[in-house]
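As a plain string of letters, each chain reads:
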Amino acid sequence: MCTSLTTCEWRKVFYEKMEVAKPADSWELIMDPNLKPNELSPGWKQYLEQHASGRFHCSWCWHTWQSAHVVILFHMHLDQAKRKGSVRMRVFKQLCYECGTSRLDESSMLEENIEGLVDNLITSLRQQCYEEDGGQYRINVANRPDSRQHRSEFCEACQEGIVHWKPMEKLPEDEAATYASKASRYNFFSLRWCVFWALLCVVIVYLPFSLRGSAFL
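Predicted model, so just to flag it, every value in this text is computed and none were measured.

Trainee: I'd like to hear about helix 2 (residues 111–129), residue by residue, with values.
Mentor: Under the 1.5 Å per step criterion, the end-to-end length of helix 2 is 26 Å for 19 residues, consistent within 8% with the ideal 27 Å. Along helix 2, the residues that are buried comprise N113, I114, G116, L117, V118, N120, L121, I122, T123, S124, L125 and C129. Looking one or two residues beyond helix 2, the residue adopting positive phi is E131, at roughly 55°.

Structure (structure tokens):
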């Protein structure tokens, strides 16, 4: 059962492409938010996509942003005797840098981006699970030079120790401190705005009653 449109799209593309790549084997794709890098059970292999492109939508302040540094972790296992395989995947989330909320948001991806990422997954899967020449990895649009700096303090993958930027892409310490202070400032204002709207609602609700009471005086 799919938990989101993006999850359904991932499974749809993966099953279609695996039906072509390995029609004799049965594969499943499972979303696992608790997947950890380099923590593998015996017989399992790992593939890490470090620069996927995705769009995020903050569920708190409705801010949206594009990122070319979405990290996706895959763990793969093939039971050759039963001809059954399993892929567990985790798409790492990001924090909104506008409101500074501590709620992590999921990314959405275009179908064409998902297809390229699945092609890379199958290439790695053929190399590691079947010991075949999987061919060349596809270079995603996200791998092209990006003028925007990666903000590691808002990245779930970075916070879990996955270093997925080039050294030149890392923010200088003073600039990172500026972003951190900005985040805390926006978080403070978010609380103020919540209080403001709550008081405004109270005024709107009680104002008609106060006016009606003064009309009878």
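Trainee: Before we move on, could you go through the pattern of salt bridges and cite the residues and values that matter?
Mentor: For the structure shown, the criterion picks out 10 salt bridges. The partner of E111 in a salt bridge is K12, with the nearest N and O atoms 3.9 Å apart. Residue E111 is found in helix 2, and its partner K12 is found in helix 1 (residues 5–21); the two are separated by 99 residues along the sequence. Taking relative accessible area as the criterion, K12 reaches 38% and is therefore assigned partly exposed. One salt bridge connects R90 with E160, and the closest N-O pair in it is separated by 2.8 Å. One end of the pair, R90, is in strand 4 (residues 84–91); the other, E160, is in the loop between helix 3 (156–159) and helix 4 (173–215), and 70 residues separate them in sequence. Bridged by salt links that share partners, the residues K36, R90, E156 and E160 form one connected network.

Trainee: A description of the packing of aromatic side chains should follow, citing residues and the corresponding values.
Mentor: Across all of its chains, the model carries eight aromatic pairs by this definition. Ring geometry for W10 and F74: centres 6.1 Å apart, planes at 55°, overall tilted. Here F74 lies in strand 3 (residues 64–79) and W10 lies in helix 1, a separation of 64 residues in the sequence. Both residues of the pair, W10 and F74, belong to the buried class. Here the aromatic rings of F56 and W65 are separated by 5.4 Å at their centres, their planes lie at 10°, and the arrangement is stacked. We note that F56, like W65, is buried. Through a chain of ring-to-ring contacts, the aromatic side chains of W10, Y47, F74 and Y137 assemble into a single cluster. Geometry around Y130 places K22 over its ring, the cationic atom sitting 4.2 Å from the centre.

Cut-offs used in this document
Residues numbered from 1 in each chain as written. Predicted model: local features only at pLDDT ≥ 70, side-chain atom pairs only at ≥ 80, totals over all residues. Heavy atoms only, no water. Helix = DSSP H or I, 4+ residues; strand = E, 2+ residues; numbered from the N terminus. Expected span 1.5 Å × (residues − 1). Buried < 20%, exposed > 50% of the residue type's maximum accessible area, 1.4 Å probe, protein only. Salt bridge = Lys/Arg side-chain N within 4 Å of Asp/Glu carboxyl O. Phe/Tyr/Trp six-rings, centres within 6.5 Å; stacked < 30°, edge-to-face > 60°. Lys NZ or Arg CZ within 6 Å of the ring centre and 35° of its normal.

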